[in-house]
Amino acid sequence: MNGGLVTLGETMGLVAAEGVGLLEHARGFRFGIGGAESNVAIGVARLGGRATWVGRIGPDATGDLIERRLRAEGVHTVAIRDDAYTGLMVRHRRTGALTTVDYHRAGSAGSRLGPTDVPVDLLRSAGILHVTGITPALGDTARAAVFQSVETARAAGVTVSVDINYRAKLWSRYDAAPVLRDLVSRADVVFAGPDEAALVLGGNEAVAVGLAALGPGEVVIKDGPRGCTGLIEGERYALEALDVTVVDPVGAGDAFVAGYLADRLAGAAPAQRLATAVTVGGFAVTVPGDCEGLPSRADLAALLSATDDVTR
């Protein structure tokens, strides 16, 4: 039995400009990896949980890097080699408050993920299957992979987690809404930002209640610096965000999800899951990169107990 987290999706190479301003004026760049699903897998693994990532990568140095990094993080990796290139994203901070991400992923290896790529035995033995609304936007085969995996997990009694994660650069709101609504209706746990929830619900203001009415027993609304709210098995929760110095806000939502799901796998109560999620999300934004700042359990304890800027 796996008993841990299983997730699937596209992980890309990440070219990130250092500093703030126009991309053309950047004088330095970092190269790493990024992908919502693999970020969550890394986050769960760093918190002591078992995590598996399934995806396609190209026959290139970026694909090699993705496979090495995930395995080095303790993530079990089912990396299918494809003859297409590995996708890339280019990110820069136009201002201190605005981050822009450009995708180079049309026709990429990751976008060619298909239903037969995800081992059925892996899905049936999972503790949680986690998917996002990004993968169905990549193409017909990727969408089929998500929905077939969800149905296989549901039939086996495996908890299904969905992060709506709407990406406007991948598909329109009109195209996305019915697909995401269908996906939410098949989930046990749903994560969404307020705007994403409104997209699925057609503008319903009571977003947590509205999403729960579609079927999920656990709905968590991530609201960045305003914290989070949850409707979990009929109980309402609200937590404030941590007061931290934000260095890089990208990846905070994935970190939040990783914290919640890691604690859920560990059997923690809902209030504790949310507290861990908020802390993990707060920790992640203090470090540049999509997944570099994801904490361990020891890191979480240090963040919550620190009284000085320097630990000796």
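Above: the structure in question.
Figured I'd write up the structure that's included with this text.

Calculation criteria
- Residue indices begin from 1 for each chain and proceed along its sequence in written order.
- Where local features are concerned, this predicted model is filtered to residues with pLDDT of at least 70; where side-chain atom pairs are given and counted, the filter is 80 or more; whole-chain, interface and lining totals use all residues.
- By convention in this description, side-chain values take in all heavy atoms of the structure and omit both hydrogens and water.
- The way it works is that DSSP assigns letters per residue, a run of H or I at least four long becomes a helix, a run of E at least two long becomes a strand, and they are numbered from the N terminus.
- The quantity called the radius of gyration is restricted to C-alpha atoms. Its globule counterpart is 2.2 Å times the number of residues to the power 0.38.
- For every residue, the accessible area obtained with a 1.4 Å probe (protein chains only) is divided by the maximum for its type, and the residue is called buried under 20%, exposed over 50%, and partly exposed between those limits.
- Contacts between residues were defined by any pair of non-hydrogen atoms, one from each residue, lying within 4.5 Å.
- Only the protein chains shown count as cover for residues, with accessible areas throughout obtained via the Shrake-Rupley method and a probe of 1.4 Å.
- The positive count covers Lys and Arg only, the negative count covers Asp and Glu only, and His and the chain ends enter neither.
- By convention, the point assigned to a charge is CZ for Arg, NZ for Lys, CD for Glu and CG for Asp.
- To obtain each axis, a line is fitted to C-alpha atoms, and for helices this fit is confined to the stretch in contact; angles are then taken between N-to-C directions over 0 to 180 degrees.
- Under this scheme an angle from 65 to 115 degrees is roughly perpendicular, one under 35 degrees roughly parallel, and one over 145 degrees roughly antiparallel; angles in between are oblique.
- Gly falls in the polar group here, along with every residue not listed as nonpolar (Ala, Val, Leu, Ile, Met, Phe, Trp, Tyr, Cys, Pro) or charged (Asp, Glu, Lys, Arg).
- Should DSSP find at least two bridges between two strands, the strands are taken to pair.

1. Comments concerning the overall build of the protein
When you go through the protein residue by residue, the secondary structure sums to 10 helices and 13 strands. The C-alpha atoms of the protein give 18 Å as radius of gyration, which agrees with the globular expectation for 312 residues (20 Å, within 12%). Each principal axis of the C-alpha distribution contributes one length, and for the protein these read about 50 × 50 × 40 Å. The 312 residues of the protein split such that 54% are buried. A separation threshold of at least 6 residues defines the contact pool for the protein, and within that pool the share at least 24 residues apart is 69%. Carbon together with sulfur atoms contributes 52% to the accessible area of the protein, which is approximately 13300 Å² in total. Across the protein, the mean location of the 29 positive side-chain charges is 2 Å away from that of the 36 negative side-chain charges.

2. Digging into the packing of helix H5 (residues 173–185) against helix H6 (residues 194–201)
Viewed as axis vectors pointing N to C, H5 and H6 meet at an angle of 85 degrees, and their least axial separation amounts to 8 Å. Relative to H6, the element H5 lies roughly perpendicular. Along the contact surface, H5 presents Arg173, Ala177, Leu180 and Arg181, while H6 presents Asp195, Leu199, Val200 and Leu201. Class assignment of the residues belonging to the contact of H5 with H6 gives a composition of 5 nonpolar, no polar and 3 charged.

3. Points about the side chain of aspartate 263
As for its position among the elements, aspartate 263 is in helix H8 (residues 252–265). Take aspartate 263: its relative accessible area is 4%, and that puts it in the buried class.

4. Structural notes on the sheet that holds strand E4 (residues 51–57)
Within the open sheet, the 9 strands sit side by side as E5-E4-E1-E8-E9-E10-E11-E12-E13. Their pairing is mixed. Each of the sheet's edge strands pairs with one partner strand only, and the pair in question is strand E5 (76–81) and strand E13 (235–239). Adjacent strand axes in the sheet meet at a mean angle of 15 degrees when their direction is disregarded. Pairing analysis gives 4 bridges linking strand E10 (residues 189–192) to strand E11 (residues 218–222), with the strands arranged parallel. Across the sheet, residue valine 189 finds its bridge partner in E11, namely glutamate 218.

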